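Given next are the chains, with one letter for each unit.
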Amino acid sequence: MSGSWRPGADVGVVHEDPLRQGSGAGEPTIYVAHLPDGPIQVLQGPAAVIFTACLLGEAGELQRRVADALGVPADDLDAEVLAEFVTEMEHSRLITRAPV
Amino acid sequence: MSSTVVEVPPPVRILFGHAALQVVADAAGVDLLHIKGPATEPELRSPGGGTDADVLVRPSQCVRFVDELSARGWSARSTFLSGSDVGHAATFWHPQWGYADVHRFFQGISPKEAAFDILWAHREMTELAGVAVAVPTSAARHLIAVLNALRNRRTEEAARMAAALQDPQGRVTTQHVEALVAALGAEVGWAAAQGRLEEHRGAADYWPWRATIYGTSRMESWVARLLSAPRLRDKALVLLRAPLVNIDHLAHVLGRRPTVRDVVVEFFERPRRGLAEEWQRHRTRTDT
């Protein structure tokens, strides 16, 4: 994979601060929605980590960024599952490829 | 994909509400300022957190915006005429985003286009739910917070916020806000927040503010509307509307859409309640 991603053109994003929910350092939660009609979808745990990692750098480094964020070795991540999830987010237009 | 459709926390829903309203406004070419709640500083927000997304729309584009909202799944829960005594806002509801208050002016600030022009000309940009939105300047946000506390009868809070601006080292000072007050026609509300309402007894805004802050009866509220109506024609409209039943309010009270019979009953009931309130007030005064 090459290039990087950004949120879909009509996608609104809200990052929930778990500390504000009284749940301590709970798993990350991100709410996303196509605007202006919705609905709101929630990405929790690894899904939220992958969504964020997609927006933070080159596609070629995605697996390493996700592993770093989850605190596991990159080799422990199933690259096929990761690619499948990213493809699904692209198909649902939550993320889109940024022009190179 | 491991995402699900869930009930989201109200603050998150409100953020999306602001963003959705902005997307509708952008598509319609409408100027929109986001006010209160997440569009302002935490210390200026209403206690207990908001329940809706508040926006101020350019008055001349209000009809267009409301039409667009209806086309995008928002339904009116109150109209500008029925929403409040001064007709400043209407409430809309969307199945995904919840409630939104659309203001065509803010109570205490001139309803004229020129006032919006001033707020718009000095707007600042921020992001809500990742969408770029315009907000009034920091001084205007403070003024709106003070007026909002006042119109909700949180007079001590309004006075405290106004007093806090007297710190000359503050990021926003009384000087900053007072420079706006005159330009926006907000003198009466600003004075009222500082306990100086009586200094503006002859002003058109005096009676609405008096009724808002101290008024206890619907009769007093209607008298305030009558006295503040600028022209004879406006006064006549107030008088004509006085006996009309507020269908939106009645629906809210009943918890369902009122029937014709409900409206007829309410039509005769309202004047009776108004007179009863006045009688009760008269008795309270004579008893003490």
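Cut-offs applied
Positions within a chain are numbered from 1, following the residues in the order the chain's sequence is written. Naming scheme: in the order in which they are written, chains are lettered from A and ligands are numbered from 1. Totals for whole chains, interfaces and linings use every residue, but because this is a predicted model, local features are given only for residues with pLDDT of at least 70 and side-chain atom pairs only at 80 or more, for both listing and counting. Derived side-chain values reflect all non-hydrogen atoms in the structure, with water molecules and hydrogen atoms excluded from consideration. Counting from the N terminus, the helices are the DSSP runs of H or I reaching at least four residues and the strands are the DSSP runs of E reaching at least two. The contact definition used throughout considers only heavy atoms, calling two residues in contact when any of these lie within 4.5 Å. To measure how exposed things are, a 1.4 Å probe is used in the Shrake-Rupley method; for residues, cover is taken only from the protein chains shown. Nonpolar cores were defined as sets of buried Ala, Val, Leu, Ile, Met, Phe, Trp, Tyr and Cys residues, with membership established by side-chain atoms within 4.5 Å. In this scheme, a residue with accessible area under 20% of its type's maximum is buried, one over 50% is exposed, and one in between is partly exposed, where area comes from a 1.4 Å probe on protein chains only. Grouping into patches uses exposed residues only, defined as over 30% relative accessible area, and leaves out salt-bridged ones; the cut-off is 9 Å for like charges and 5 Å for nonpolar side chains (Val, Leu, Ile, Met, Phe, Trp, Tyr). We define a salt bridge as a contact between a side-chain nitrogen of Lys or Arg and a carboxyl oxygen of Asp or Glu at a distance within 4 Å. As used throughout, the charge tally considers Lys and Arg to be positive and Asp and Glu to be negative, leaving His and the chain termini uncounted. By convention, the charge on Lys lies at NZ, on Arg at CZ, on Asp at CG and on Glu at CD. Directions are taken from the helix axis to each C-beta atom, and the arc is the one they span. The term buried area means the drop in 1.4 Å probe accessible area that two parts suffer when joined, counted for both and summed. Polar contacts, as counted here, are pairs of nitrogen or oxygen atoms within 3.5 Å of one another; within protein the pair requires one atom able to donate a hydrogen and one able to accept it, and residues that are adjacent in sequence qualify only if both atoms are side-chain atoms. Residue classes follow a fixed rule: Ala, Val, Leu, Ile, Met, Phe, Trp, Tyr, Cys and Pro count as nonpolar, while Asp, Glu, Lys and Arg count as charged, and any other residue, Gly among them, counts as polar. Axis lines are fitted through C-alpha atoms, for helices just across the contact stretch, and the angle between N-to-C directions can take any value from 0 to 180 degrees. For classification, angles of less than 35 degrees are called roughly parallel, those exceeding 145 degrees roughly antiparallel, those between 65 and 115 degrees roughly perpendicular, and all remaining angles oblique. Handedness of a crossing follows from how the near helix is turned relative to the far one, being left-handed for an anticlockwise turn of less than a right angle and right-handed for a clockwise one.

(A) Here's a closer look at the overall build of chain A. The helix and strand tally for chain A stands at three helices and five strands. The helix and strand sequence of chain A, counted from the amino end, reads β-β-β-β-α-α-α-β. Sequence-distant contacts in chain A: of pairs separated by 6 or more residues, those separated by 24 or more amount to 47%. Surface accessibility of chain A: about 5,300 Å² in total, with carbon and sulfur atoms responsible for 52%.

(B) Highlighting the nonpolar core. Core analysis: the biggest nonpolar cluster contains 39 residues, and F16, L21 and F65 of chain B have the highest contact counts within it. Taken together, the elements giving at least two residues each to this core come down to β3 (29-34) and β4 (40-44) of chain A together with α1 (10-28), β3 (52-57), α2 (62-71), β5 (89-94), β6 (98-103) and β8 (131-135) of chain B. A total of 10 residues in this core trace back to one element, the largest contributor, which is α1 of chain B. When near neighbours in sequence (up to four residues on either side) are disregarded, F65 of chain B contacts L21, V24, A25, V30, L32, V55, V57 and V102 of chain B.

(C) Seen up close, helix α2 (residues 62-70) of chain A. Looking only at α2 of chain A, the buried set comprises L62, R65, V66 and A67 of chain A. Taken together, the buried residues of α2 of chain A touch β1 (4-7), α1 (46-55) and α3 (79-91) of chain A.

(D) Quick peek at a negative patch on the surface. On the surface, D78, E80, E84 and E88 of chain A cluster together into a patch of negative charge. Here D78 of chain A falls in the partly exposed class, since its relative accessible area comes to 45%.

(E) Up close: helix α6 (residues 155-164) of chain B. Residue and element names in this part refer to chain B. Turning to α6, its buried residues number three or more, namely E157, A158, M161 and A162. Taken end-on, α6 shows its buried residues confined to a sector of 135 degrees, consistent with a single buried face. For α6, the exposed residues set more than 90 degrees away from the buried face come down to E156, R160 and A164. Elements that come into contact with the buried residues of α6 comprise α5 (138-151), α7 (174-183) and α8 (187-193).

(F) How the structure looks around the interface of chain B and chain A. Taken together, the contact between chain B and chain A spans 23 residues of the former and 24 residues of the latter. When chain B packs against chain A, close to 1,900 Å² is buried across both sides, 68% of that on carbon and sulfur atoms. Counting across the interface, chain B meets chain A through three residue pairs in polar contact (both at pLDDT 80 or more). Secondary-structure elements contributing two or more residues to the side of chain B that touches chain A are β1 (3-4) and α1 of chain B. For the side of chain B that touches chain A, the leading source of residues is α1 of chain B, giving eight residues. For the side of chain B that touches chain A, the residue count by class is 15 nonpolar, six polar and two charged.

(G) Molecular detail of the packing of α2 of chain A against α3 of chain A. Residue and element names in this part refer to chain A. Where α2 contacts α3, the axes come no closer than 11 Å and their chain directions differ by 100 degrees. When the axis of α2 is compared with that of α3, the two are roughly perpendicular. Along its contact with α2, which presents L62, Q63 and V66, the element α3 presents A79, L82 and V86.

(H) Looking closely at the packing of α1 of chain A against α2 of chain A. Residue and element names in this part refer to chain A. Taken N-terminus to C-terminus, the directions of α1 and α2 make an angle of 135 degrees; their axes are 9 Å apart at the nearest point. Taken as axis vectors, α1 and α2 run oblique relative to one another. Seen from above, α1 lies across α2 with right-handed handedness. Here α1 contributes P46, V49, I50, A53 and C54 to the contact with α2, which in turn contributes L62, R65, V66, A69 and L70.

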